[in-house]
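As a plain string of letters, each chain reads:
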Number of protein chains: 2
Amino acid sequence: MSFLQDVVDILLQYVVKSFDRSTKVIDFHYPNELLQEYNWELADQPQTLEEILLNCRTTLKYAIKTGHPRYFNQLSTGLDMVGLAADWLTSAANTNMFTYEIAPVFVLLEYVTLRKMREMVGWPGGCGDGIFSPGGAISNMYAMLIARFKMFPEVKEKGMAAIPRLVAFTSEHSHFSVKKGAAALGIGTDSVILIRCDERGKMIPSDLERRIVEAKQKGFVPFLVSATAGTTVYGAFDPLIAIADICKKYKIWMHVDGAWGGGLLMSRKHKWKLNGVERANSVTWNPHKMMGVPLQCSALLVREEGLMQSCNQMHASYLFQQDKHYDLSYDTGDKALQCGRHVDVFKLWLMWRAKGTTGFEAQIDKCLELAEYLYNKIKNREGYEMVFDGKPQHTNVCFWYIPPSLRGVEDSEERTSRLMKVAPVIKARMMEYGTTMVSYQPLGDKVNFFRMVISNPAATHQDIDFLIDEIERLGQDL
Amino acid sequence: MSFLQDVVDILLQYVVKSFDRSTKVIDFHYPNELLQEYNWELADQPQTLEEILLNCRTTLKYAIKTGHPRYFNQLSTGLDMVGLAADWLTSAANTNMFTYEIAPVFVLLEYVTLRKMREMVGWPGGCGDGIFSPGGAISNMYAMLIARFKMFPEVKEKGMAAIPRLVAFTSEHSHFSVKKGAAALGIGTDSVILIRCDERGKMIPSDLERRIVEAKQKGFVPFLVSATAGTTVYGAFDPLIAIADICKKYKIWMHVDGAWGGGLLMSRKHKWKLNGVERANSVTWNPHKMMGVPLQCSALLVREEGLMQSCNQMHASYLFQQDKHYDLSYDTGDKALQCGRHVDVFKLWLMWRAKGTTGFEAQIDKCLELAEYLYNKIKNREGYEMVFDGKPQHTNVCFWYIPPSLRGVEDSEERTSRLMKVAPVIKARMMEYGTTMVSYQPLGDKVNFFRMVISNPAATHQDIDFLIDEIERLGQDL
């Protein structure tokens, strides 16, 4: 016990430092340096508890402070104290979600929480089904699996050989997990048709309809449209109402990948961006992103009850005995793809109790306000070009920093190839100084640009100002 | 911070109680009771931190003490202090495994640990590849996915429609995840051929070869044999050498599902049971089972390097930028099915440092010795019938308890139907008293029997004695 308390003391120090702006976000070392700096190898003989504590300190020394108010690198940032406490409790309880028998409270909390999330999606009385899965990619894969099963239940026994050639549709800005899922499920990535987006990254409904008609003419069977609520790079929201109309007309399963944007359902000010989500057949929503729940916490919500169970159940009698002494509807394991399943619900549930819906709303509204502050600050500032016009719909703000040497230079191949190198160099310098982190990427014909996202409620206007100053400091000589 | 310390105090009390034999394993309530006993609902308004602490206490009050030395219900039991500390550190670090950029230490530790595990499997120099995945079912699904891709790489783009009809083979005692994976991957459960087992639950190699030949004659393409090292119910080890010979002869991917039995590789005394595993193409091994690592920790190991990457990569440029300033071979995310991936390695790594390989060996040997103690104690005892003869190969001990009223009664339909009800009633009583928990299930034509497993190194001979006494106390009137 004193060992556990010693580790806790180390962790509490780390947590305090994570929020301290005078602490580095990262103490960066190259992989080979880090491998050599310390002996990480596994041996036959045990180490002492003193050495174990040293291992913990060393691990944390080189870790990224993902809770740091100037860490903007991913969609999941921040460190919520109640969420952390809940995750610690989950570890101590050390159980598995498959039956009520071994996880009575957690199974009930999953039931309560998923129903509440479905209510917020807008399904009457929170009806339907769902599961917490290990991340948005798996949640999206579930949706695809269930949509296929709904249309052709024989696929479960007979495989893809017994059913017509399927096609799915998603936008060119959608998350790569849609294609990954299609590859895994034996559908094939060629059968995922990418629909064009407007300049803001939103799917163009007329292009969707055109491609559906085209696919049908070729004899393919459209079975799924995966719309995105909050794309990864632009933070765009696909027009869900128009997409729902098309799905209805052609009788296609409508999935909404709200892994990133789902959190906006908590905000009375912003939830209109997901109007139409209530018409979806399934929704992915990752509370570990915009709601700041510790990793990992991703929900798949399904409107039709019972479908997940019939799609995935294998009736393993050693696990799901049918002659147990309690109501077996709480044994949810057989609707999962996993057998053992980590308890991901408790941290969300406890944070929700601690904040209330209004608390989540306030922190989400704050992050969106910060994004707008950043946008207003740089949209006309010298040395910046926005990747797309108009104020951000989510907290994504995409921009190029144009160093002085490139300002006023006419568009040319040379300019493009120099601009391409700006963001990677600034990013590398940020990491070496350890002062802040923000992501960059190319997209389509657009060369490397910064994608700023804000999901940490600890960030302030001053942190946004700092980011801008830092980009300019590190990039002025390029 | 004082809130976090308050939660830690509650958790430390819980941990101490978990190991106290005078504490109940479970304070059982039926689902509806538990739902009504307390208000679990999510509201608009926040609760106070006092109330949050109460939520934590209430959750733990009704939780199963999975670390209790008399909790024998699952393959994953026990609560290791270093493992728990490591999981707490993981929560505080709150990051994702996809890139070195955001998880430098954890990515390196995964590299070190998987290589060590491959060494123990027997692949020269620990060569090959691997990943920690969310549970054994997903690890097995990965193996199937990769085996299919290895034989028909075009399946990734073209789907199952472009390739011949595949068949996989596994024993009738294997884990249901093999069928679940086949359903998900579009192969279909009918294409999983179940091979007969001997009376100890081991796959019969001659039956495997016969069914392979038969499938080929029908024009199907055998692509995977999933052998089991440690079956769920009997704890049987399939004869891996004979199976490897057959896989070699017919050029079929050999997977070993060692989710449960893989831990025995740590024991010089018991690892012979996995002889032949070094000839496998892939191996599932769940340290969260026999090695007592907190949930969840499952590894898939693959002998051929690079295959996972080519099978799963989607080249998402926003995540896996190719112009970063460090060695990109450490960005492992694109070989996963998941996008975000929880850090599951640290608890295993830290426990390994604290125990050394010899420490894991000692705890595994102890659990197997306890199983043999139980077997010796009941094999000739009045009121017990063993489900199969011979001493246990793993810690699974399968038996019927025959209450006095059924002793000496001739085998008949009535006896069978009464015997079927014995284990469920005793189990229900165990849970109501809260004194111990052990699993039961039917299997094939065998009615409900107890399956005892021991994976908690805190268990002792006295706990085994207690279990026997408790079964007799609770079952004598049946």
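Residues numbered from 1 in each chain as written. Chains lettered and ligands numbered in written order. Predicted model: local features only at pLDDT ≥ 70, side-chain atom pairs only at ≥ 80, totals over all residues. Heavy atoms only, no water.

Asks: Lay out the sheet that holds strand β4 (residues 192-195) of chain B with the relevant residues and their values.
Replies: Residues and elements named next belong to chain B. Within the open sheet, the 7 strands sit side by side as β2-β8-β7-β6-β5-β3-β4. Their pairing is mixed. Strand pairing shows two members of the sheet lacking a second neighbour, β2 (129-133) and β4, which therefore form its edges. When the angles between neighbouring strand axes are averaged without regard to direction, this sheet yields 20°. Relative to strand β7 (residues 282-285), strand β6 (residues 253-258) runs parallel, the two being bridged by 4 bridges. Across the sheet, the residue bridging to valine 256 is valine 283, located in β7. Relative to strand β5 (residues 221-228), helix α6 (residues 136-151) is tilted by about 150°, and along the sheet it contacts β2, β3 (166-171), β5, β6, β7 and β8 (298-302). Sitting on the sheet, helix α10 (residues 240-250) is in contact with β5 and β6, with an inclination near 155° to β6. (Pairing = 2+ DSSP bridges. Helix = DSSP H or I, 4+ residues; strand = E, 2+ residues; numbered from the N terminus. Axes fitted to C-alpha atoms, helices over the stretch in contact; angles between N-to-C directions. Contact = heavy atoms within 4.5 Å.)

Asks: Explain the packing of helix α12 (residues 345-378) of chain A against helix α3 (residues 49-62) of chain B residue by residue, including any values.
Replies: Interhelical geometry of α12(A) versus α3(B) gives an angle of 145° and a closest axis separation of 10 Å. Two packed elements cross with a definite hand, and for α12(A) against α3(B) that hand is right-handed. Two secondary-structure elements touch here, α12(A) through Phe346(A), Trp349(A), Leu350(A), Arg353(A) and Ala354(A) and α3(B) through Ile52(B), Asn55(B), Cys56(B) and Thr59(B). Residue composition of the contact of α12(A) with α3(B), by class: 6 nonpolar, 2 polar and 1 charged. (Left-handed = near helix turned anticlockwise from the far one by under 90°. Nonpolar A, V, L, I, M, F, W, Y, C, P; charged D, E, K, R; others polar.)

Asks: Give a detailed account of the relation of the copies chain B and chain A, specifying residues and quantitative values.
Replies: Taken as rigid bodies, chain B and chain A are interconverted by a rotation of 180° and an axial shift of 0.0 Å, the fit giving an RMSD of 0.0 Å. Each copy turns onto its partner about a two-fold axis. Rotation axis and chain B: the residue whose C-alpha lies nearest the axis is Leu185(B), separated from it by 2.0 Å. A high fraction, 99%, of the interface residues of chain B reappear at the interface in chain A, so the copies pair face to face through one surface. (Least-squares fit on C-alpha atoms with pLDDT ≥ 70 in both.)

Asks: Talk me through the nonpolar core; I want residue IDs and the actual numbers.
Replies: Among the nonpolar cores identified, the biggest contains 303 residues, and Met452(A) and Met452(B) are the most heavily contacted of them. If sequence neighbours within four positions are ignored, Met452(A) has contacts with Phe72(A), Leu374(A), Thr395(A), Asn396(A), Val397(A), Phe399(A), Val438(A), Ile464(A) and Leu467(A). Val155(A), Val302(A), Met141(B) and Ile163(B) belong to the second largest nonpolar core, which has 66 residues in total. (Core = buried A, V, L, I, M, F, W, Y, C linked by side-chain atoms within 4.5 Å. Buried < 20%, exposed > 50% of the residue type's maximum accessible area, 1.4 Å probe, protein only.)

Asks: How would you explain the domain arrangement of chain A if you had to name every residue and give the values?
Replies: Its domain assignment divides chain A into domain 1 (1-68) and domain 2 (95-343). Computed over C-alpha atoms only, the centres of domain 1 of chain A and domain 2 of chain A are separated by 37 Å. (Domains from an automatic or database assignment.)

Asks: Describe the sheet that holds strand β11 (residues 437-443) of chain B, with residues and values.
Replies: Strands belonging to one sheet form pairs held by backbone hydrogen bonds; the direction of such a pair is parallel or antiparallel. Residue and element names in this part refer to chain B. If you walk across this open sheet you meet the 5 strands as β1-β11-β12-β10-β9, and the pairing is mixed. A strand with exactly one partner marks an edge of an open sheet, and here the two such strands are β1 (71-72) and β9 (384-386). Across 4 bridges, the pairing between β11 and strand β12 (residues 446-452) is antiparallel. For glutamine 441, the partnering residue across the bridge sits in β12 and is phenylalanine 449. Across the face of the sheet, helix α12 (residues 345-378) comes into contact with β9, β10 (397-401) and β12 while running at roughly 30° to β10.

Asks: Any details on the packing of aromatic side chains? Residues and values, ideally.
Replies: Across all of its chains, the model carries 35 aromatic pairs over all chains by this definition. Seen in terms of ring centroids, Tyr100(A) and Phe28(B) are 6.4 Å apart; in terms of plane orientation they differ by 85°. Their pairing is edge-to-face. In this pair, Tyr100(A) is assigned in the loop between α4 (81-93) and α5 (104-121) and Phe28(B) in the loop between α1 (2-18) and α2 (31-37), connecting two distinct chains. Given the relative accessible area of 12%, Phe28(B) is considered buried. (Phe/Tyr/Trp six-rings, centres within 6.5 Å; stacked < 30°, edge-to-face > 60°.)

Asks: Can you tell me about the interface of chain B and chain A, naming the residues and giving the values?
Replies: It is common to give the size of an interface as the accessible area lost on bringing the parts into contact. Between chain B and chain A, the contact holds 149 residues from the first and 148 residues from the second. Summed over both sides, the interface between chain B and chain A buries roughly 12600 Å², with carbon and sulfur atoms accounting for 64% of that surface. Per-residue buried area on chain B facing chain A is highest for Leu42(B), His325(B) and Arg353(B); these three make up 7% of the total on that side. Applying the counting rule to chain B against chain A returns 8 salt bridges. Note that Asp190(A) and Lys158(B) form a salt bridge whose closest N and O atoms lie 2.9 Å from each other. The interface formed by chain B and chain A contains 70 residue pairs in polar contact (both at pLDDT 80 or more). (Buried area = accessible area lost by both parts, 1.4 Å probe. Salt bridge = Lys/Arg side-chain N within 4 Å of Asp/Glu carboxyl O. Polar contact = N/O pair within 3.5 Å; in protein donor to acceptor, adjacent residues only side chain to side chain.)

Asks: Break down a negative patch on the surface for me, citing the residues and quoting the values.
Replies: Residues and elements named next belong to chain A. Taken together, the side chains of Asp6, Asp9, Glu50 and Glu51 present a region of like negative charge at the surface. Contributions of two or more residues to the negative patch are made by α1 (2-18) and α3 (49-62). Residue position: aspartate 6 is located in helix α1. Using a relative accessible area of 33% as the deciding quantity, one classes aspartate 6 as partly exposed. (Patch = residues over 30% accessible without salt bridge, like charges linked within 9 Å, V, L, I, M, F, W, Y side chains within 5 Å. Areas by Shrake-Rupley, 256 points an atom, 1.4 Å probe, with all protein chains shown as cover. Lys, Arg positive; Asp, Glu negative; His and termini not counted. Charge placed at Lys NZ, Arg CZ, Asp CG, Glu CD.)

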